[in-house]
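# Structural description and commentary
Chain by chain, the residues:
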Amino acid sequence: MLDRFEIPRSHPRYWSLLLRERLVEAFEAGIVVPQGLIAHGRGEAFDYLLGEVSHGFALKAVEAAVAGLIYYKPRSVISVNGNMAALAPELLAELSEALEVPLEVNLFYRTEERVRRIEEHLRAHGARRVLGAGCRRTHLPGLESPRGIVCVEGIHSARFVLLGIEDGDRTEALKRAGKTVAAVDLNPFSRTAQTADITIVDELTRALKAALKAAERLSSAEPGELRGILDSYDNRAVLSSAFKAILDRLSHAVERGLILEPGPGRGDL
Ligand code: ATP
Ligand code: MG
């Protein structure tokens, strides 16, 4: 057991440190794998480049993702892995409850014990619709190892899947299986970001907070309005804007030798 330390709220990187603490605790609890810690570091690097704020292009993608989750119900699902469960269990639970869309525990480094722990963690934070250890299972075509196991009533039969911090190989397998995929991924260069139909280039906890706001707005929308949001959504334009945001910040830094001010705090998780 590592020593826990109190993160001072005044620390300029308070949020970043808080999320790291959550991951370390979840690692010790057998929820996050060491590879997940490495993936988080890569995400953090891209968040620096983005200025640690939710950009307009991310909010547009969040709106389309929430529209899709509602429009395709009951054949929509939120895929949850160890990092997601560690970083934002309460936000995932809240979104699942608000939308009445299930969370499916779906792991790259799958062990049944870890599935059980993540399911318990989500339930302890208020999630009631969780497909986990008890679900009927099958394999995603093309991913025959344990990393291809999915729930029959969840991802297998879903038409729309929201996922995050996901490996490109598995995102591609979902696309080949005919799903519409929305992905939260800070790295617009990643295979997941490039393969998804809706790419939310934002940090997971910020994206989920924005999704809760969008859910409030869209939960009473007519199917026609949701369809309209999905039809007019342009992922290439969104990805292009993400690259441009990085380029603009870099240009500023190149010209002045100074980065722009970092983003504001994030409020309470
Ligand atoms: P790919 O397999 O898609 O090419 P990769 O191999 O670089 O990507 P993976 O570890 O497979 O990376 O996937 C994790 C992805 O999640 C990375 O792109 C990383 O930047 C991103 N990521 C990590 N932490 C967060 C976070 N908190 N919020 C959003 N994205 C994150
Ligand atoms: Mg990968």
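Here's what I pulled together on the structure shown here. Along each chain, numbering runs from 1 in the same order as the chain's sequence is written. Just so you know, chain letters begin at A and ligand numbers begin at 1, following the order they were written in. With the structure being a predicted model, the display of local features is reserved for residues of pLDDT at least 70 and the display and counting of side-chain atom pairs for 80 or more, all residues being used for whole-chain, interface and lining totals. Remark: hydrogens and water are excluded; side-chain values derive from all non-hydrogen atoms of the structure.

## Some words on the site of ligand 1
Rules: Here a residue is near a molecule or strand as soon as one of its heavy atoms is found within 4 Å of it. In protein, a polar contact means a hydrogen-donor-capable atom and an acceptor-capable atom, both N or O and within 3.5 Å, with residues adjacent in sequence counting only if both atoms are side-chain atoms; elsewhere, any N or O pair within 3.5 Å suffices. Accessibility throughout is a Shrake-Rupley quantity obtained with a 1.4 Å probe, and a residue counts as covered only by protein chains that appear here. Secondary structure elements follow DSSP: runs of H or I of four or more residues count as helices, runs of E of two or more count as strands, with numbering from the N terminus. Side-chain classes are defined by residue name, with Ala, Val, Leu, Ile, Met, Phe, Trp, Tyr, Cys and Pro counting as nonpolar, Asp, Glu, Lys and Arg as charged, and the others, Gly among them, as polar. For the domain bounds, the source is a domain assignment made automatically or taken from a database.
Lining the immediate environment of ligand 1, one finds 18 residues, of which D167, G168, D185, T192 and L204 sit closest. Here G43 contributes a backbone N or O atom positioned 3.5 Å from an oxygen atom of ligand 1. One nitrogen or oxygen atom from the main chain of L204 is found 2.9 Å from a nitrogen atom belonging to ligand 1. The fraction of the free accessible surface of ligand 1 (620 Å²) that becomes covered by protein chains is 88%. No other element matches helix α2 (residues 34-50), which puts four residues into the shell around ligand 1. Residues that form the shell around ligand 1 fall into these classes: five nonpolar, six polar and seven charged. A domain-level breakdown of the shell around ligand 1 finds at least three residues from each of domain 1 (4-53 + 242-256) and domain 2 (56-241).

## Some remarks on the nonpolar core
We count it as follows: Here, the term nonpolar core denotes a set of buried Ala, Val, Leu, Ile, Met, Phe, Trp, Tyr and Cys residues that are joined through side-chain atoms within 4.5 Å. Per-residue accessibility, obtained with a 1.4 Å probe over protein chains only, is compared with the maximum for each type, and a residue is labelled buried under 20%, exposed over 50%, and partly exposed between these values. Throughout, a contact is declared for two residues whenever any of their heavy atoms are within 4.5 Å.
In terms of nonpolar packing, the biggest core is built from 67 residues, with V66, I78, L95, L122, L162 and I198 touching the most fellow members. Looking at which domains feed residues into this core, each of domain 1 (4-53 + 242-256) and domain 2 (56-241) supplies at least three. Not counting residues within four places of it along the chain, the set of residues in contact with V66 comprises L99, A211, A214, A215 and L218. If you look at the next biggest cluster of nonpolar residues, it comprises 13 residues, including L140, L143, I155 and A196.

## Examining unusual backbone geometry
Note: most peptide bonds trans; most residues except glycine with negative phi. Each neighbour pair has its own omega, and for K73 with P74 the value is 0°, a cis peptide bond. Tracing the backbone through its elements, the reader meets P74 in the loop between α3 (56-71) and β1 (76-80). Phi angles above zero are rare outside glycine, and E52 is one such case at about 55°. Following the sequence through the fold, E52 ends up in the loop between α2 and α3. One non-glycine residue with positive phi stands out, namely E100, at about 60°.

## Things to note about the sheet that holds strand β8 (residues 198-200)
Adjacent strands of a sheet form backbone hydrogen bonds with each other and so pair up, either parallel or antiparallel. Under the convention used in this document: Note: two strands are recorded as paired if DSSP finds a minimum of 2 bridges between them.
Reading across from one edge, β3-β2-β1-β6-β7-β8 is the order of the six strands in this open sheet, with parallel pairing throughout. Of all strands in the sheet, those with a lone pairing partner are β3 (130-131) and β8, marking the two edges. Here β1 runs beside strand β6 (residues 160-164); their pairing, made up of three bridges, is parallel. Paired with V77 across the strands is V161, a residue of β6.

## Some words on the environment of K73
One can find K73 in the loop between α3 and β1. Distance from K73 to F27, taken between C-alpha atoms, is 33 Å for residues 46 residues apart in sequence. Excluding anything up to four places from it in sequence, K73 contacts L99, E100 and V101. From its side chain, K73 meets the backbone oxygen of L99 in a polar contact 2.7 Å long.

## Description of the state of the cysteines
Heads up, the rule is: Here, two cysteine sulfur atoms that lie within 2.5 Å of each other are counted as a disulfide.
The tally for this structure, following the rule as stated, stands at one disulfide. One disulfide bridge connects C135 with C151, the sulfur atoms lying 2.1 Å from each other. Judged by the sign of its S-S torsion, about -80°, the bond between C135 and C151 is left-handed. In this pair, C135 sits in the loop between β3 and β4 (137-139) while C151 sits in strand β5 (residues 149-151), placing the two residues 16 residues apart along the sequence.

## Comments concerning the packing of aromatic side chains
What counts is decided by this rule: Note on ring pairs: Phe, Tyr and Trp rings are taken, using the six-membered ring of Trp, and paired if centres are within 6.5 Å. Classes follow the plane angle, with under 30 degrees stacked, over 60 edge-to-face and the rest tilted. Sitting over a ring, as applied to charges here, requires NZ of Lys or CZ of Arg to be within 6 Å of the ring centre and within 35 degrees of the ring normal.
Counting across every chain of the model gives six aromatic pairs. When the ring of F46 is compared with that of F189, the centres are 6.2 Å apart and the planes differ by 45°; the resulting orientation is tilted. With a gap of 143 residues between them, F46 in helix α2 and F189 in the loop between β7 (180-184) and α8 (191-195) connect regions that are remote in the sequence. Counting every residue linked through ring pairs, the aromatic cluster contains F46, F189 and F243. Across the ring face of W15, the terminal group of K209 is positioned such that the distance to the ring centre comes to 5.5 Å. Here the basic side chain of R227 rests over the ring of Y71, its NZ or CZ set 5.0 Å away from the ring centre.

These figures capture arrangement, not role.
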